[in-house]
Amino acid sequence: MRLLLAGLLLLGITSAAAAQDNTLAPHPRLLVTDADLAAARRAERADPLRAALRRRIVDEATRDLKAKPLEHVLVGPRLLTQSRRAIGYILTCAMAYRLTGDMRFAERARSDMLTAASFADWNPSHFLDVAEMSFAVAVGYDWLYPELSPSDREAIENALVANSLAFALPAYDPPGKPDPRLFFATAHMNWNQVCNGGLLAAALAVGDKRPDLLKVVVAGVRKSLPLAIAAYEPDGAYPEGPGYWSYGTTYNAIILALLDGAYGTDFGLGDSRAFARTALYRTEVVGPTGLAFNYADGETGVEPTPAYAWLALRYHDETSLESSREVLRSSIERRAYDRFLALNETWFPALAPGGGDPPADRALDIGELPLAVHLRGGADIAMIRGAWSDPRALFVGFKAGDNGTNHAHLDLGSFVLESDGVRWAVDLGPDNYNLPGYFGDMRWTYFRLNNHSHNTITPGDRIQDPKATAPIIAFSESRQQPFAVADLTPAYPGSAKRMLRGVRMVGGSAVLVQDDITGLAPGTVLHWVMMTAAAVSISADGSTATLSEDGRTLRAGILSPVEARFASVSAAPPAAVEAQNSGYTILTLVIPPTAAPDARIAVELAPVGDIWPLWLPIPVTPLAGWR
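Residues numbered from 1 in each chain as written. Predicted model: local features only at pLDDT ≥ 70, side-chain atom pairs only at ≥ 80, totals over all residues. Heavy atoms only, no water.

**Regarding the overall build of the protein**
Phase 1: Counting its secondary structure elements, the protein contains 14 helices and 19 strands.
Phase 2: Here the protein has a C-alpha radius of gyration of 26 Å; the compact-globule value for 627 residues is 25 Å, and the two agree.
Phase 3: Oriented by its inertia axes, the alpha-carbon framework of the protein measures out at about 80 × 60 × 55 Å.
Phase 4: Classification of the 627 residues of the protein by burial places 57% in the buried group.
Phase 5: Charge-centre separation for the protein: the mean point of 56 positive side chains lies 1 Å from the mean point of 68 negative side chains. (Helix = DSSP H or I, 4+ residues; strand = E, 2+ residues; numbered from the N terminus. Rg over C-alpha atoms; globule rule 2.2 N^0.38 Å. Buried < 20%, exposed > 50% of the residue type's maximum accessible area, 1.4 Å probe, protein only. Lys, Arg positive; Asp, Glu negative; His and termini not counted. Charge placed at Lys NZ, Arg CZ, Asp CG, Glu CD.)

Here it is in structure tokens:
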């Protein structure tokens, strides 16, 4: 024990000293060393997935040889498309060269770096563009350093300093009034992670030549990054949704890996319990269809990222490691685009000591995960499923939390629902970021972003309070009847004394969505909404609706109030500049106005078919008494 403690103490002293004097290993030193690649090539003999990954990288790089060169072209206010193209081209081609020795790949990456270096700037008015371009150029410079001429190196180094690192001191230690373009340093969301990651990669790439800038950046990142990591508290869920989880978390992993590779420590930045759990969030937020519970500005697909495997390896999460392996296998087979594809060579989800898969008769090890989970935080969410290993299983994702979160929609009380491999209740996702005022004063006028397009309940034509926080106040992971209840009262100030919404799954075969409202303002008409891409057929009396898609069926039945009726209406927004939502329908309830101050709305949603029990109404009891 004394020897162990002494060794740990020596490691800490050595790491701190390295960080102080900026001692760096020779190139290539960022993220993937030559020793890493040699080990990966040896492991291919025992793991066909590694060999498939290498072939995929080389194939992608071969296509990149014919790709259009980078251009300094803005889309709206952003150069981001070009910055991300740079990551894809430079990292993939540089890695293909390191794997094959084929100089065509090195030349393509060199050409892209010099093109980027020739740009007048990397668009600092939208600093994400600078950050991602910095990452691309810094990693390419490091990985191909032996192949670059002295003049190439000088041009790239100068560009990294002038277009990226020149902003380090104003960002981390502004001498006067802070530059609003550099707000990332004190932000709590994805900009923090991405911009810190891009600057750190640039600083480490040229740190032996510009130790002054390296010192500023390392100190700045150590101070800034904890603000972003705090967003995962307390359970690992990401407030900006699973799409931005992939984006921010990838750069978070890059930062920790860069620091650990350079100094042998991440200085405790990766010690957060919540961040250690976030790979499980990635596992749990995806339904049986493979689609994500896409709250906020998120699409249903979650981009593949090598950070998924990095997290599982870093925090010894075997379940997520196996899941990340399946994600990688699927993305290789589908030839899915991933600009960080090359990093899978070092952040590879190797399971067994030999690096291969577990025995074929052993299913993905998710049996220990609960079927119902409540994850707290800025996104206060619950996910409930009928089974983990059945692609036809029933699944519901339920959203509460904070409307003020970055990229949030006004979606408190919303849900997504799937069964039989069909997403029945959908979240439409984001609209065009270049719409006027999308991130400003017009944000909540857009249909896809406000509550009128989300699967929630609304009194009258109210818009949810953009600053409201609505918590999940009750939750049960009971295997037979798991549920979650949220208090939506803060979402609609003054509309009712109390508004509760609950979702309950019964026997893995039906879902009850129930609203209990007390003290409702007289004459208020309640609007109940469920957005769907399915064909909708409503019974003659309006009490049931049948949804059909891909030969599968879901039945919706009104349990309360008895006088309510289903209707289907267009999902098109009022403004032609918005996405027109072709192929979607709103299933809604027509609820007659009442003078009564209290209301209860209960709708049962149940799949119909060969594996499902006969439809039976679920008993309706007050949400306050759900146990």
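**Remarks on the confidence of the model for the protein**
Phase 1: The predicted model of the protein has a mean per-residue pLDDT of 93, with 94% of residues at 70 or higher.
Phase 2: When the criterion is pLDDT under 50, residues 1–20 qualifies, and its contacts beyond four places in sequence or with other chains add up to nine contacts.
Phase 3: Low pLDDT (under 50) marks residues 358–364, which in the prediction has six contacts with non-local residues, meaning those over four places away or in another chain. (pLDDT = per-residue confidence, 0-100. Contact = heavy atoms within 4.5 Å.)

**Overview of the packing of helix α9 (residues 190–205) against helix α10 (residues 211–229)**
Phase 1: Two elements in contact, α9 and α10, have axes separated by 10 Å at closest approach and are oriented at 160°. As far as their axial angle goes, α10 and α9 are roughly antiparallel. Classified by chirality, the crossing of α10 by α9 is left-handed. Across the interface between the two elements, Asn192, Gln193, Asn196, Leu199, Leu200, Ala203 and Leu204 of α9 pack against Leu214, Val217, Val218, Val221, Ser224, Leu225, Leu227 and Ala228 of α10. (Axes fitted to C-alpha atoms, helices over the stretch in contact; angles between N-to-C directions. Parallel < 35°, antiparallel > 145°, perpendicular 65-115°, else oblique. Left-handed = near helix turned anticlockwise from the far one by under 90°.)

**A look at the sheet that holds strand β13 (residues 526–532)**
Phase 1: Strand order in this open sheet of four strands is β7-β13-β18-β17, and the pairing throughout is antiparallel. Of all strands in the sheet, those with a lone pairing partner are β7 (457–459) and β17 (565–570), marking the two edges. Averaged over all pairs of adjacent strands, the angle between strand axes in this sheet comes to 30°, irrespective of strand direction.
Phase 2: Judged from the five bridges that link them, β13 and strand β18 (residues 585–590) form a sheet pairing that is antiparallel. Bridging across to β18, threonine 532 finds its partner in threonine 585. (Pairing = 2+ DSSP bridges.)

**Thoughts on the sheet that holds strand β9 (residues 472–476)**
Phase 1: Taken in spatial order, the eight strands make up an open sheet running β9-β10-β11-β12-β19-β16-β15-β14, and their pairing is antiparallel. Each end of this open sheet is capped by a strand with a single partner; those strands are β9 and β14 (535–538). Neighbour-to-neighbour, the strand axes of the sheet open up by a mean angle of 15°, direction not taken into account.

**With respect to the packing of aromatic side chains**
Phase 1: One pass over the full model with this rule turns up 24 aromatic pairs.
Phase 2: Measuring from ring centre to ring centre gives 5.4 Å for tyrosine 141 and tyrosine 145, while their planes differ by 85°; the resulting arrangement is edge-to-face.
Phase 3: A ring pair is formed by phenylalanine 183 and tryptophan 191, whose centres lie 4.9 Å apart and whose planes are at 35°; its orientation type is tilted.
Phase 4: Judged by its relative accessible area of 35%, phenylalanine 183 falls in the partly exposed class.
Phase 5: Accessibility expressed as a relative area gives 12% for tryptophan 191, which makes it buried.
Phase 6: The rings of Tyr232, Tyr238, Phe275, Trp310, Tyr315 and Trp347 are connected pair by pair, giving a single aromatic cluster.
Phase 7: Sitting over the ring of tryptophan 626, arginine 504 keeps its end group 4.3 Å from the ring centre. (Phe/Tyr/Trp six-rings, centres within 6.5 Å; stacked < 30°, edge-to-face > 60°. Lys NZ or Arg CZ within 6 Å of the ring centre and 35° of its normal.)

**Regarding the nonpolar core**
Phase 1: Core analysis: the biggest nonpolar cluster contains 128 residues, and Phe135, Phe184 and Leu343 have the highest contact counts within it.
Phase 2: Filtering out sequence-adjacent residues up to four positions away, phenylalanine 184 remains in contact with Phe127, Ala171, Tyr172, Trp191, Asn192, Cys195, Asn196, Leu199 and Ser224.
Phase 3: The next biggest cluster of nonpolar side chains, apart from the first, holds 48 residues, and it includes Leu394, Ala468, Phe566 and Ile591. (Core = buried A, V, L, I, M, F, W, Y, C linked by side-chain atoms within 4.5 Å.)

**Thoughts on the packing of helix α12 (residues 273–284) against helix α14 (residues 318–334)**
Phase 1: Following both chains from N to C, one finds α12 and α14 inclined at 50°, their axes separated by 10 Å at the closest point. Between α12 and α14, the interaxial angle falls into the category oblique. Our pair here, α12 against α14, has a crossing hand that is left-handed. Counting all contacts with α12, which are made through Ala279, Leu280, Arg282 and Thr283, the residues of α14 involved are Ser320, Ser323 and Val327.

**Observations concerning unusual backbone geometry**
Phase 1: Following glutamate 233, the chain continues to proline 234 via a peptide bond in cis, the omega torsion being -5°.
Phase 2: Along the chain, proline 234 turns up in the loop between α10 and α11 (241–263).
Phase 3: Each neighbour pair has its own omega, and for serine 560 with proline 561 the value is -5°, a cis peptide bond.
Phase 4: Mapping proline 561 onto the fold places it in the loop between β16 (552–560) and β17.
Phase 5: Within the chain, leucine 31 stands out as a residue other than glycine whose phi angle is a positive 70°.
Phase 6: The residue leucine 31 is located in the loop between α1 (2–21) and α2 (34–43) in this model.
Phase 7: With relative accessibility at 11%, the residue leucine 31 sits in the buried group.
Phase 8: One non-glycine residue, phenylalanine 267, adopts positive backbone phi at about 60°.
Phase 9: For phenylalanine 267, the position within the fold is in the loop between α11 and α12.

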